[in-house]
Amino acid sequence: MNSFEDNLLELIRSHPTLYRNKDKKHKSLILKENCWKEIAKSLNKKRQNVEITPIKAVRRIGDELIVLCKVPYQIDSCRMIVGTTSYRLIPGNQEGDVVYSGQGLTTGECGAHIKNIREDWNGNVTCVLPPQSSNIEVTGTMRLLVARAPGDPHLISPPQPQFKDEDIFSAQCVVPNGRPAAKILWFLDDEQLLEGVHQPVVTDEPGSDLQTVSQNITRTIRADDNNRMLACRAEHEALDQPREAKRQLIVHYPPKRLESGPITVFGLKLGAEGKLNVTVRSNPPPTAVWMVGDIRITAPHSTDNGAITALEPLHLGNGHYNVSLHLARITKEDVERTYYLQVFNDLGREEFTLRMSTMDEPAASTVNSALLLQLYGVELDTGAIVGIVVAVLVLLIAVFLGVFAFATDRWCFAGRGRELAKNSGESDTESAAGAGRSRLAALGARVRAVIPRAKDRVQATDAHDAESQSEEKKGVIYAELALGDQTSADKPPPPSTEYAEIVYTDQPGQKEVKE
(Lines give C-alpha, C1' and ligand atoms only; values in the text may rest on other atoms or scores of the structure.)
Protein backbone atom coordinates (compact mmCIF):
# COMPACT_ATOMS: atom_id res chain seq x y z
CA MET A 1 0.00 0.00 0.00
CA ASN A 2 1.10 3.58 -0.57
CA SER A 3 1.19 6.36 1.98
CA PHE A 4 -2.27 7.62 1.05
CA GLU A 5 -3.85 4.28 1.91
CA ASP A 6 -1.85 4.14 5.14
CA ASN A 7 -3.13 7.58 6.11
CA LEU A 8 -6.69 6.58 5.26
CA LEU A 9 -6.54 3.43 7.37
CA GLU A 10 -5.12 5.29 10.32
CA LEU A 11 -7.85 7.92 10.17
CA ILE A 12 -10.59 5.28 9.91
CA ARG A 13 -9.08 3.43 12.88
CA SER A 14 -9.41 6.63 14.91
CA HIS A 15 -13.20 6.69 14.29
CA PRO A 16 -14.61 3.39 15.72
CA THR A 17 -18.15 4.58 15.09
CA LEU A 18 -17.67 3.61 11.47
CA TYR A 19 -16.82 -0.09 12.02
CA ARG A 20 -17.87 -1.20 15.55
CA ASN A 21 -21.34 -2.64 15.47
CA LYS A 22 -21.64 -2.56 19.26
CA ASP A 23 -21.01 1.15 19.31
CA LYS A 24 -24.22 3.03 20.19
CA LYS A 25 -23.44 5.64 17.52
CA HIS A 26 -22.91 3.10 14.73
CA LYS A 27 -26.56 3.18 13.66
CA SER A 28 -26.64 6.97 13.33
CA LEU A 29 -26.19 7.89 9.69
CA ILE A 30 -25.62 11.53 10.54
CA LEU A 31 -22.76 10.75 12.92
CA LYS A 32 -21.09 8.41 10.44
CA GLU A 33 -21.38 11.04 7.70
CA ASN A 34 -19.70 13.55 10.01
CA CYS A 35 -16.89 11.07 10.60
CA TRP A 36 -16.25 10.68 6.91
CA LYS A 37 -16.19 14.48 6.47
CA GLU A 38 -13.55 14.74 9.19
CA ILE A 39 -11.45 12.04 7.51
CA ALA A 40 -11.70 13.80 4.14
CA LYS A 41 -10.75 17.09 5.72
CA SER A 42 -7.72 15.52 7.39
CA LEU A 43 -6.55 13.92 4.17
CA ASN A 44 -6.85 17.18 2.25
CA LYS A 45 -4.95 19.01 4.97
CA LYS A 46 -2.12 16.50 4.82
CA ARG A 47 -1.94 16.79 1.05
CA GLN A 48 -1.97 20.58 1.11
CA ASN A 49 1.32 20.57 3.03
CA VAL A 50 3.14 19.47 -0.18
CA GLU A 51 3.58 21.88 -3.09
CA ILE A 52 3.91 19.93 -6.36
CA THR A 53 4.56 21.18 -9.88
CA PRO A 54 3.30 20.54 -12.44
CA ILE A 55 -0.17 19.34 -11.44
CA LYS A 56 -0.77 17.80 -14.87
CA ALA A 57 1.43 17.06 -17.89
CA VAL A 58 1.06 15.41 -21.30
CA ARG A 59 4.13 13.73 -22.75
CA ARG A 60 4.87 11.46 -25.66
CA ILE A 61 6.62 8.12 -25.25
CA GLY A 62 10.36 8.72 -24.91
CA ASP A 63 9.99 12.31 -23.63
CA GLU A 64 11.32 13.60 -20.32
CA LEU A 65 9.54 15.13 -17.32
CA ILE A 66 10.66 16.86 -14.10
CA VAL A 67 8.32 16.72 -11.11
CA LEU A 68 9.17 18.84 -8.05
CA CYS A 69 7.64 18.42 -4.58
CA LYS A 70 8.43 20.92 -1.81
CA VAL A 71 7.66 21.30 1.89
CA PRO A 72 8.55 24.24 4.19
CA TYR A 73 10.98 22.23 6.32
CA GLN A 74 14.06 20.02 6.00
CA ILE A 75 13.60 16.41 4.96
CA ASP A 76 15.90 13.42 5.28
CA SER A 77 14.46 11.25 2.49
CA CYS A 78 12.72 11.51 -0.86
CA ARG A 79 10.60 8.85 -2.49
CA MET A 80 8.75 8.98 -5.81
CA ILE A 81 6.12 6.52 -7.08
CA VAL A 82 5.95 6.39 -10.90
CA GLY A 83 3.45 3.94 -12.35
CA THR A 84 3.58 0.92 -10.03
CA THR A 85 7.24 1.36 -9.04
CA SER A 86 8.54 3.24 -5.98
CA TYR A 87 11.91 5.00 -6.38
CA ARG A 88 14.03 6.23 -3.44
CA LEU A 89 15.85 9.27 -4.76
CA ILE A 90 19.27 10.31 -3.47
CA PRO A 91 20.84 13.65 -4.41
CA GLY A 92 23.97 13.11 -6.44
CA ASN A 93 22.87 9.73 -7.83
CA GLN A 94 21.94 10.24 -11.51
CA GLU A 95 21.82 6.63 -12.62
CA GLY A 96 18.52 5.05 -13.67
CA ASP A 97 15.29 6.08 -15.39
CA VAL A 98 14.14 8.19 -12.42
CA VAL A 99 16.73 10.29 -10.56
CA TYR A 100 16.73 13.10 -8.01
CA SER A 101 16.19 16.70 -9.10
CA GLY A 102 16.14 19.75 -6.84
CA GLN A 103 18.12 22.04 -4.52
CA GLY A 104 18.70 19.39 -1.88
CA LEU A 105 16.84 17.75 1.00
CA THR A 106 17.80 20.53 3.40
CA THR A 107 15.69 22.95 1.35
CA GLY A 108 12.64 20.66 1.57
CA GLU A 109 12.71 19.77 -2.13
CA CYS A 110 12.01 16.27 -3.42
CA GLY A 111 12.13 16.27 -7.19
CA ALA A 112 12.30 13.58 -9.83
CA HIS A 113 13.81 13.72 -13.30
CA ILE A 114 11.89 11.07 -15.25
CA LYS A 115 13.81 9.98 -18.33
CA ASN A 116 12.49 8.12 -21.34
CA ILE A 117 8.79 8.03 -20.44
CA ARG A 118 7.07 4.71 -21.04
CA GLU A 119 3.42 4.11 -21.87
CA ASP A 120 2.88 2.03 -18.70
CA TRP A 121 3.77 5.11 -16.64
CA ASN A 122 0.54 6.74 -17.69
CA GLY A 123 -1.35 7.74 -14.52
CA ASN A 124 -0.43 9.35 -11.20
CA VAL A 125 3.06 10.30 -10.08
CA THR A 126 3.27 10.60 -6.27
CA CYS A 127 6.03 12.01 -4.10
CA VAL A 128 6.31 10.75 -0.51
CA LEU A 129 8.09 12.89 2.10
CA PRO A 130 8.68 12.42 5.85
CA PRO A 131 6.43 14.53 8.13
CA GLN A 132 7.55 17.48 10.15
CA SER A 133 5.93 15.89 13.20
CA SER A 134 3.96 12.71 13.91
CA ASN A 135 4.63 9.45 12.13
CA ILE A 136 2.45 9.94 9.02
CA GLU A 137 4.23 10.66 5.75
CA VAL A 138 3.00 13.54 3.58
CA THR A 139 2.36 13.08 -0.13
CA GLY A 140 1.71 15.05 -3.29
CA THR A 141 0.29 13.71 -6.55
CA MET A 142 0.30 14.93 -10.16
CA ARG A 143 -1.32 13.47 -13.29
CA LEU A 144 0.89 12.20 -16.13
CA LEU A 145 -0.82 11.52 -19.43
CA VAL A 146 1.33 9.49 -21.79
CA ALA A 147 -0.01 10.58 -25.17
CA ARG A 148 -1.42 7.95 -27.48
CA ALA A 149 -2.32 8.81 -31.04
CA PRO A 150 -6.03 8.60 -31.88
CA GLY A 151 -7.56 6.73 -34.78
CA ASP A 152 -8.29 8.31 -38.13
CA PRO A 153 -11.07 10.92 -38.15
CA HIS A 154 -14.45 10.03 -39.64
CA LEU A 155 -16.57 12.64 -41.45
CA ILE A 156 -20.29 11.87 -41.28
CA SER A 157 -22.37 14.00 -43.67
CA PRO A 158 -25.60 13.78 -45.71
CA PRO A 159 -25.46 11.14 -48.45
CA GLN A 160 -26.85 13.39 -51.19
CA PRO A 161 -24.29 14.08 -53.95
CA GLN A 162 -25.08 17.79 -54.37
CA PHE A 163 -26.80 20.67 -52.61
CA LYS A 164 -28.71 23.78 -53.63
CA ASP A 165 -27.93 27.38 -52.82
CA GLU A 166 -29.23 28.29 -49.31
CA ASP A 167 -29.53 24.64 -48.20
CA ILE A 168 -28.71 23.89 -44.54
CA PHE A 169 -25.76 21.51 -44.33
CA SER A 170 -24.85 19.52 -41.19
CA ALA A 171 -21.89 17.20 -40.63
CA GLN A 172 -20.14 15.44 -37.76
CA CYS A 173 -16.48 14.61 -37.21
CA VAL A 174 -15.49 11.73 -34.91
CA VAL A 175 -11.91 11.05 -33.75
CA PRO A 176 -11.69 7.83 -31.68
CA ASN A 177 -9.34 6.36 -29.05
CA GLY A 178 -6.95 9.14 -28.18
CA ARG A 179 -5.09 9.85 -24.97
CA PRO A 180 -5.95 12.59 -24.29
CA ALA A 181 -8.85 13.42 -26.63
CA ALA A 182 -7.85 14.90 -29.97
CA LYS A 183 -8.57 18.49 -31.03
CA ILE A 184 -10.90 18.96 -34.03
CA LEU A 185 -10.65 21.84 -36.53
CA TRP A 186 -12.92 22.51 -39.55
CA PHE A 187 -11.68 23.89 -42.87
CA LEU A 188 -13.25 24.84 -46.19
CA ASP A 189 -10.25 24.61 -48.53
CA ASP A 190 -7.67 26.69 -46.63
CA GLU A 191 -10.23 28.78 -44.74
CA GLN A 192 -10.81 27.77 -41.13
CA LEU A 193 -14.49 27.66 -40.20
CA LEU A 194 -15.52 29.15 -36.87
CA GLU A 195 -19.17 30.02 -37.45
CA GLY A 196 -21.62 27.16 -36.94
CA VAL A 197 -19.10 24.95 -35.10
CA HIS A 198 -20.62 23.24 -32.04
CA GLN A 199 -18.91 22.37 -28.76
CA PRO A 200 -16.94 19.09 -28.85
CA VAL A 201 -18.23 16.07 -26.92
CA VAL A 202 -15.65 13.79 -25.21
CA THR A 203 -16.56 10.25 -24.11
CA ASP A 204 -14.42 7.67 -22.28
CA GLU A 205 -13.95 4.29 -23.86
CA PRO A 206 -15.26 1.49 -21.58
CA GLY A 207 -12.51 -0.39 -19.77
CA SER A 208 -9.66 1.94 -20.81
CA ASP A 209 -8.33 5.43 -20.33
CA LEU A 210 -8.74 6.30 -24.03
CA GLN A 211 -11.17 9.02 -25.15
CA THR A 212 -13.26 9.64 -28.26
CA VAL A 213 -14.18 13.17 -29.33
CA SER A 214 -16.94 14.25 -31.73
CA GLN A 215 -17.97 17.65 -33.02
CA ASN A 216 -20.82 18.89 -35.27
CA ILE A 217 -20.95 21.76 -37.74
CA THR A 218 -23.97 23.50 -39.31
CA ARG A 219 -23.62 25.75 -42.34
CA THR A 220 -25.82 27.51 -44.88
CA ILE A 221 -24.65 26.43 -48.32
CA ARG A 222 -23.75 29.26 -50.71
CA ALA A 223 -22.94 29.33 -54.40
CA ASP A 224 -19.31 30.18 -53.54
CA ASP A 225 -19.02 26.80 -51.77
CA ASN A 226 -19.28 24.90 -55.05
CA ASN A 227 -16.32 22.56 -55.66
CA ARG A 228 -14.71 23.52 -52.35
CA MET A 229 -13.33 20.87 -50.02
CA LEU A 230 -14.77 20.49 -46.51
CA ALA A 231 -12.16 18.99 -44.15
CA CYS A 232 -12.33 17.70 -40.59
CA ARG A 233 -8.80 17.96 -39.15
CA ALA A 234 -7.61 16.12 -36.01
CA GLU A 235 -4.61 17.43 -34.06
CA HIS A 236 -2.95 15.50 -31.23
CA GLU A 237 0.24 15.56 -29.15
CA ALA A 238 1.19 12.08 -30.36
CA LEU A 239 0.82 12.97 -34.07
CA ASP A 240 3.64 14.40 -36.15
CA GLN A 241 1.13 15.65 -38.74
CA PRO A 242 -2.62 16.34 -38.42
CA ARG A 243 -5.01 13.82 -39.90
CA GLU A 244 -7.97 14.81 -42.06
CA ALA A 245 -11.23 13.50 -43.45
CA LYS A 246 -12.59 15.40 -46.49
CA ARG A 247 -15.63 15.81 -48.66
CA GLN A 248 -16.14 17.97 -51.74
CA LEU A 249 -19.26 20.16 -51.84
CA ILE A 250 -21.20 20.30 -55.10
CA VAL A 251 -23.67 23.20 -55.17
CA HIS A 252 -26.31 23.80 -57.86
CA TYR A 253 -27.71 27.31 -58.33
CA PRO A 254 -29.45 29.40 -61.01
CA PRO A 255 -27.51 31.81 -63.24
CA LYS A 256 -26.16 34.81 -61.31
CA ARG A 257 -25.05 38.07 -62.87
CA LEU A 258 -21.77 39.68 -61.91
CA GLU A 259 -22.84 43.23 -62.83
CA SER A 260 -26.01 45.26 -62.33
CA GLY A 261 -27.97 47.33 -64.82
CA PRO A 262 -27.56 47.62 -68.58
CA ILE A 263 -24.20 46.68 -70.06
CA THR A 264 -22.39 48.80 -72.68
CA VAL A 265 -19.54 47.35 -74.72
CA PHE A 266 -17.07 50.08 -75.77
CA GLY A 267 -14.34 50.32 -78.39
CA LEU A 268 -16.19 48.77 -81.35
CA LYS A 269 -15.61 50.06 -84.88
CA LEU A 270 -18.02 50.44 -87.76
CA GLY A 271 -17.30 48.04 -90.60
CA ALA A 272 -15.24 45.71 -88.42
CA GLU A 273 -16.30 42.54 -86.67
CA GLY A 274 -17.39 42.79 -83.05
CA LYS A 275 -18.42 40.72 -80.07
CA LEU A 276 -20.74 41.23 -77.10
CA ASN A 277 -19.58 39.41 -73.96
CA VAL A 278 -21.36 38.69 -70.67
CA THR A 279 -19.90 36.70 -67.75
CA VAL A 280 -22.30 34.76 -65.54
CA ARG A 281 -22.10 32.15 -62.78
CA SER A 282 -24.19 29.01 -63.13
CA ASN A 283 -24.28 25.38 -62.09
CA PRO A 284 -25.35 23.32 -63.97
CA PRO A 285 -24.13 24.99 -67.20
CA PRO A 286 -26.51 27.63 -68.64
CA THR A 287 -28.36 27.90 -71.93
CA ALA A 288 -28.11 31.30 -73.70
CA VAL A 289 -30.78 32.89 -75.96
CA TRP A 290 -30.12 36.24 -77.71
CA MET A 291 -32.81 38.62 -79.04
CA VAL A 292 -31.53 40.78 -81.91
CA GLY A 293 -34.45 42.87 -83.07
CA ASP A 294 -37.11 40.31 -83.99
CA ILE A 295 -34.58 37.51 -84.40
CA ARG A 296 -34.21 34.90 -81.65
CA ILE A 297 -30.88 33.06 -81.62
CA THR A 298 -30.20 30.13 -79.28
CA ALA A 299 -26.54 29.31 -78.71
CA PRO A 300 -24.78 27.79 -80.55
CA HIS A 301 -26.58 28.97 -83.72
CA SER A 302 -26.34 31.76 -86.30
CA THR A 303 -28.70 33.83 -88.42
CA ASP A 304 -29.53 32.58 -91.91
CA ASN A 305 -26.98 34.85 -93.56
CA GLY A 306 -24.32 34.07 -90.93
CA ALA A 307 -23.92 37.74 -89.99
CA ILE A 308 -24.68 37.13 -86.30
CA THR A 309 -23.61 34.05 -84.32
CA ALA A 310 -24.50 33.09 -80.74
CA LEU A 311 -21.54 31.15 -79.35
CA GLU A 312 -21.70 28.22 -76.92
CA PRO A 313 -21.17 29.47 -73.30
CA LEU A 314 -17.48 29.01 -72.51
CA HIS A 315 -16.64 27.60 -69.05
CA LEU A 316 -13.97 29.75 -67.40
CA GLY A 317 -13.72 27.68 -64.23
CA ASN A 318 -15.40 27.65 -60.80
CA GLY A 319 -18.88 28.01 -62.32
CA HIS A 320 -18.08 31.11 -64.43
CA TYR A 321 -19.22 31.16 -68.07
CA ASN A 322 -18.53 33.61 -70.87
CA VAL A 323 -21.64 34.13 -73.07
CA SER A 324 -20.82 35.83 -76.41
CA LEU A 325 -22.59 37.16 -79.50
CA HIS A 326 -20.39 37.55 -82.60
CA LEU A 327 -21.15 40.08 -85.37
CA ALA A 328 -19.34 39.64 -88.70
CA ARG A 329 -19.56 43.36 -89.61
CA ILE A 330 -20.78 46.20 -87.40
CA THR A 331 -23.16 48.66 -89.01
CA LYS A 332 -24.75 51.87 -87.79
CA GLU A 333 -27.99 49.99 -87.17
CA ASP A 334 -26.11 47.56 -84.94
CA VAL A 335 -24.80 50.43 -82.80
CA GLU A 336 -28.26 51.98 -82.43
CA ARG A 337 -29.91 48.64 -81.57
CA THR A 338 -30.53 47.22 -78.07
CA TYR A 339 -29.64 43.56 -77.52
CA TYR A 340 -31.38 41.26 -75.02
CA LEU A 341 -29.93 38.09 -73.51
CA GLN A 342 -31.61 35.34 -71.48
CA VAL A 343 -29.45 32.85 -69.57
CA PHE A 344 -31.19 29.97 -67.79
CA ASN A 345 -30.85 26.46 -66.37
CA ASP A 346 -33.20 24.12 -64.47
CA LEU A 347 -33.09 26.28 -61.34
CA GLY A 348 -33.83 29.74 -62.78
CA ARG A 349 -32.97 32.45 -65.28
CA GLU A 350 -31.28 35.84 -65.59
CA GLU A 351 -31.85 38.59 -68.21
CA PHE A 352 -29.42 41.19 -69.57
CA THR A 353 -29.71 44.34 -71.70
CA LEU A 354 -26.70 45.31 -73.84
CA ARG A 355 -25.69 48.23 -76.06
CA MET A 356 -22.75 48.86 -78.41
CA SER A 357 -20.57 51.97 -78.43
CA THR A 358 -17.88 53.10 -80.84
CA MET A 359 -16.45 55.39 -78.14
CA ASP A 360 -13.56 54.47 -75.90
CA GLU A 361 -14.42 53.38 -72.40
CA PRO A 362 -14.61 56.41 -70.01
CA ALA A 363 -11.67 56.54 -67.61
CA ALA A 364 -13.86 57.35 -64.61
CA SER A 365 -16.28 54.47 -65.09
CA THR A 366 -16.42 50.80 -65.99
CA VAL A 367 -18.42 48.90 -68.54
CA ASN A 368 -20.40 47.23 -65.81
CA SER A 369 -21.65 50.29 -63.95
CA ALA A 370 -21.53 53.33 -66.29
CA LEU A 371 -24.63 55.42 -66.94
CA LEU A 372 -24.18 57.05 -70.33
CA LEU A 373 -25.72 60.08 -72.01
CA GLN A 374 -25.09 60.69 -75.75
CA LEU A 375 -25.20 64.39 -76.51
CA TYR A 376 -24.12 65.74 -79.91
CA GLY A 377 -22.06 62.65 -80.53
CA VAL A 378 -20.26 62.88 -77.16
CA GLU A 379 -20.88 60.21 -74.51
CA LEU A 380 -20.80 61.44 -70.92
CA ASP A 381 -20.83 59.25 -67.88
CA THR A 382 -22.57 59.89 -64.57
CA GLY A 383 -19.61 61.69 -62.98
CA ALA A 384 -19.27 64.16 -65.86
CA ILE A 385 -23.00 64.95 -65.88
CA VAL A 386 -23.06 65.59 -62.14
CA GLY A 387 -19.97 67.81 -62.39
CA ILE A 388 -21.54 69.97 -65.13
CA VAL A 389 -24.79 70.39 -63.19
CA VAL A 390 -22.95 71.39 -60.01
CA ALA A 391 -20.76 73.91 -61.88
CA VAL A 392 -23.83 75.58 -63.48
CA LEU A 393 -25.59 75.80 -60.11
CA VAL A 394 -22.53 77.38 -58.46
CA LEU A 395 -22.24 79.97 -61.28
CA LEU A 396 -25.93 80.91 -61.01
CA ILE A 397 -25.69 81.33 -57.24
CA ALA A 398 -22.58 83.53 -57.58
CA VAL A 399 -24.30 85.82 -60.12
CA PHE A 400 -27.41 86.13 -57.96
CA LEU A 401 -25.40 87.01 -54.86
CA GLY A 402 -23.38 89.61 -56.78
CA VAL A 403 -26.52 91.36 -58.07
CA PHE A 404 -28.10 91.23 -54.62
CA ALA A 405 -25.01 92.73 -52.94
CA PHE A 406 -24.77 95.55 -55.50
CA ALA A 407 -28.44 96.45 -55.18
CA THR A 408 -28.44 96.48 -51.35
CA ASP A 409 -24.91 97.92 -50.77
CA ARG A 410 -23.76 94.80 -48.91
CA TRP A 411 -20.50 92.86 -48.55
CA CYS A 412 -17.96 94.10 -51.09
CA PHE A 413 -20.31 96.98 -52.14
CA ALA A 414 -20.94 98.12 -48.56
CA GLY A 415 -18.86 101.42 -48.83
CA ARG A 416 -20.27 102.51 -52.16
CA GLY A 417 -23.10 104.71 -50.74
CA ARG A 418 -20.90 106.25 -48.09
CA GLU A 419 -18.23 107.09 -50.66
CA LEU A 420 -20.77 108.94 -52.79
CA ALA A 421 -22.03 110.88 -49.79
CA LYS A 422 -18.48 111.53 -48.68
CA ASN A 423 -17.45 112.93 -52.07
CA SER A 424 -20.44 115.29 -52.08
CA GLY A 425 -19.82 116.40 -48.52
CA GLU A 426 -16.13 116.95 -49.10
CA SER A 427 -16.89 119.24 -52.03
CA ASP A 428 -19.09 121.43 -49.83
CA THR A 429 -16.43 121.46 -47.12
CA GLU A 430 -13.75 122.65 -49.49
CA SER A 431 -15.90 125.53 -50.76
CA ALA A 432 -16.76 126.60 -47.20
CA ALA A 433 -13.40 126.17 -45.49
CA GLY A 434 -10.90 126.73 -48.22
CA ALA A 435 -7.85 124.71 -49.09
CA GLY A 436 -5.41 126.65 -46.88
CA ARG A 437 -7.29 126.70 -43.56
CA SER A 438 -6.45 124.65 -40.60
CA ARG A 439 -8.72 122.05 -39.05
CA LEU A 440 -9.96 124.39 -36.33
CA ALA A 441 -10.45 127.26 -38.75
CA ALA A 442 -12.44 125.05 -41.05
CA LEU A 443 -14.57 123.82 -38.19
CA GLY A 444 -15.26 127.36 -36.94
CA ALA A 445 -16.10 128.60 -40.39
CA ARG A 446 -18.54 125.79 -40.99
CA VAL A 447 -20.26 126.37 -37.67
CA ARG A 448 -20.54 130.15 -38.33
CA ALA A 449 -21.75 129.46 -41.81
CA VAL A 450 -24.64 127.31 -40.74
CA ILE A 451 -25.74 129.36 -37.67
CA PRO A 452 -28.21 132.04 -38.86
CA ARG A 453 -27.94 135.69 -37.75
CA ALA A 454 -30.63 137.20 -35.62
CA LYS A 455 -32.07 139.16 -38.48
CA ASP A 456 -32.15 136.10 -40.81
CA ARG A 457 -33.36 133.60 -38.22
CA VAL A 458 -36.93 133.51 -39.48
CA GLN A 459 -35.86 133.27 -43.12
CA ALA A 460 -33.41 130.47 -42.36
CA THR A 461 -36.01 128.62 -40.41
CA ASP A 462 -38.58 128.95 -43.21
CA ALA A 463 -36.06 127.77 -45.77
CA HIS A 464 -35.11 124.80 -43.65
CA ASP A 465 -38.78 123.93 -43.14
CA ALA A 466 -39.32 124.05 -46.87
CA GLU A 467 -36.62 121.44 -47.43
CA SER A 468 -37.31 118.67 -44.91
CA GLN A 469 -37.50 119.92 -41.33
CA SER A 470 -40.66 119.50 -39.26
CA GLU A 471 -41.99 122.15 -36.99
CA GLU A 472 -40.61 120.35 -33.92
CA LYS A 473 -37.03 120.28 -35.40
CA LYS A 474 -36.70 123.92 -36.49
CA GLY A 475 -34.15 124.64 -33.75
CA VAL A 476 -31.89 121.80 -34.93
CA ILE A 477 -29.12 122.53 -37.41
CA TYR A 478 -26.81 119.93 -39.06
CA ALA A 479 -23.13 120.65 -39.67
CA GLU A 480 -20.66 118.48 -41.56
CA LEU A 481 -17.25 118.12 -39.87
CA ALA A 482 -14.26 117.08 -41.95
CA LEU A 483 -11.69 115.47 -39.67
CA GLY A 484 -7.97 115.22 -40.33
CA ASP A 485 -5.08 117.52 -40.90
CA GLN A 486 -5.92 120.16 -43.47
CA THR A 487 -2.89 122.38 -43.11
CA SER A 488 -1.65 121.31 -46.54
CA ALA A 489 -3.48 122.54 -49.58
CA ASP A 490 -1.91 119.85 -51.77
CA LYS A 491 -3.49 116.98 -49.91
CA PRO A 492 -7.13 116.14 -50.41
CA PRO A 493 -9.42 115.85 -47.40
CA PRO A 494 -9.05 112.54 -45.57
CA PRO A 495 -11.67 109.85 -46.13
CA SER A 496 -13.31 110.48 -42.76
CA THR A 497 -16.47 112.50 -42.34
CA GLU A 498 -18.59 112.90 -39.23
CA TYR A 499 -21.88 114.67 -38.76
CA ALA A 500 -22.77 116.78 -35.73
CA GLU A 501 -26.16 118.00 -34.64
CA ILE A 502 -26.09 121.64 -33.37
CA VAL A 503 -29.09 122.88 -31.46
CA TYR A 504 -29.48 126.63 -31.57
CA THR A 505 -31.21 128.14 -28.53
CA ASP A 506 -32.60 131.68 -28.57
CA GLN A 507 -31.61 133.26 -25.24
CA PRO A 508 -33.53 136.38 -24.17
CA GLY A 509 -31.55 139.55 -23.89
CA GLN A 510 -28.79 138.34 -26.18
CA LYS A 511 -27.47 140.99 -28.45
CA GLU A 512 -27.34 140.63 -32.13
CA VAL A 513 -23.93 139.86 -33.50
CA LYS A 514 -22.81 141.76 -36.50
CA GLU A 515 -19.96 140.99 -38.79
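Read on for a plain summary of the structure. Everything quoted here is computed from the prediction, not taken from an experiment. Along each chain, residues carry numbers from 1 onward, in the same order as the chain's sequence is written. pLDDT decides what is reported in this predicted model: residues at 70 or higher carry local features, side-chain atom pairs at 80 or more are listed and counted, and totals for whole chains, interfaces and linings draw on all residues regardless. Side-chain measures were taken over the full set of non-hydrogen atoms in the model, leaving aside hydrogen atoms and water.

1. Digging into the overall build of the chain
Argument step 1. Only DSSP runs of H or I with at least four residues qualify as helices, and only runs of E with at least two residues qualify as strands; both kinds are numbered from the N terminus onward. Within the chain, the secondary structure is distributed over seven helices and 33 strands.
Argument step 2. For the exposure calls, accessible area comes from a 1.4 Å probe over protein chains only, and a residue counts as buried if that area is under 20% of its type's maximum, exposed if over 50%, partly exposed in between. Relative to its 515 residues, the chain shows a buried fraction of 33%.
Argument step 3. Contacts: residue pairs with any heavy atoms within 4.5 Å of one another. Within the chain, contacts between residues at least 6 apart in sequence are counted, and of these 60% link residues at least 24 apart.
Argument step 4. Only the protein chains shown count as covering a residue, and every accessible area follows the Shrake-Rupley method with a 1.4 Å probe. For the chain, the exposed area adds up to about 31,600 Å²; of that, 52% sits on carbon and sulfur atoms.

2. Things to note about a nonpolar patch on the surface
Argument step 1. Patch construction takes residues with relative accessible area above 30% that form no salt bridge. Like charges are linked within 9 Å, and nonpolar side chains (Val, Leu, Ile, Met, Phe, Trp, Tyr) are linked within 5 Å. Salt bridges, as used here, are contacts in which a Lys or Arg side-chain nitrogen is within 4 Å of a carboxyl oxygen on Asp or Glu. Taken together, the side chains of Ile388, Val389, Val392, Leu393 and Leu396 define a hydrophobic patch exposed on the protein surface, amounting to about 450 Å² of accessible area.
Argument step 2. By the element assignment, leucine 396 lies in helix H4 (residues 382–408).

3. Section: the nonpolar core
Most often, soluble globular proteins have nonpolar side chains that are buried together.
Argument step 1. Throughout, nonpolar core names a set of buried Ala, Val, Leu, Ile, Met, Phe, Trp, Tyr and Cys residues whose side chains join them through atoms within 4.5 Å. One finds Ile114 and Leu129 to be the most contacted residues of the largest nonpolar core, which totals 29 residues.
Argument step 2. Looking at which element gives the most residues to this core, the answer is strand S9 (residues 138–146), with four residues.
Argument step 3. Residues contacting isoleucine 114, with those up to four places away along its chain left out, are Asp63, Glu64, Leu65, Val67, Val82, Asp97, Val98, Trp121 and Val125.
Argument step 4. Counting residues in hydrophobic clusters, the runner-up holds 25 residues, among them Val292, Ile308, Tyr321 and Val343.

4. Some remarks on the packing of aromatic side chains
By convention here, two paired aromatic rings are described through the distance between centres and the angle between planes.
Argument step 1. For this analysis, a ring pair means two rings from Phe, Tyr or Trp (six-membered ring only for Trp) whose centres lie within 6.5 Å, classed as stacked if their planes differ by under 30 degrees, edge-to-face if by over 60, and tilted for the remaining angles. Within this structure, the stated rule accounts for one aromatic pair.
Argument step 2. On the numbers, 5.2 Å between centres and 90° between planes, the contact of phenylalanine 163 with phenylalanine 169 is edge-to-face.
Argument step 3. Phenylalanine 163 gets classed as buried once you look at its relative accessible area, which sits at 3%.
Argument step 4. Look at phenylalanine 169 and you get buried, because its relative accessible area is 2%.

5. Looking at the sheet that holds strand S4 (residues 79–82)
Argument step 1. What the five strands build is an open sheet, ordered S2-S9-S8-S4-S5; its pairing is mixed. Only two strands of the sheet have a single neighbouring strand rather than two, namely strand S2 (56–59) and strand S5 (85–88). Direction aside, the axes of adjacent strands within the sheet are offset by 25° on average.
Argument step 2. Pairing between strands is defined by DSSP: at least two bridges between them are needed. The pairing of S4 with strand S8 (residues 123–129) spans four bridges and is antiparallel. When the sheet's bridge partners are listed, valine 82 is paired in S8 with valine 125. Each axis is a line fitted through C-alpha atoms, taken for helices only over the stretch in contact, and angles between the N-to-C directions span 0 to 180 degrees.

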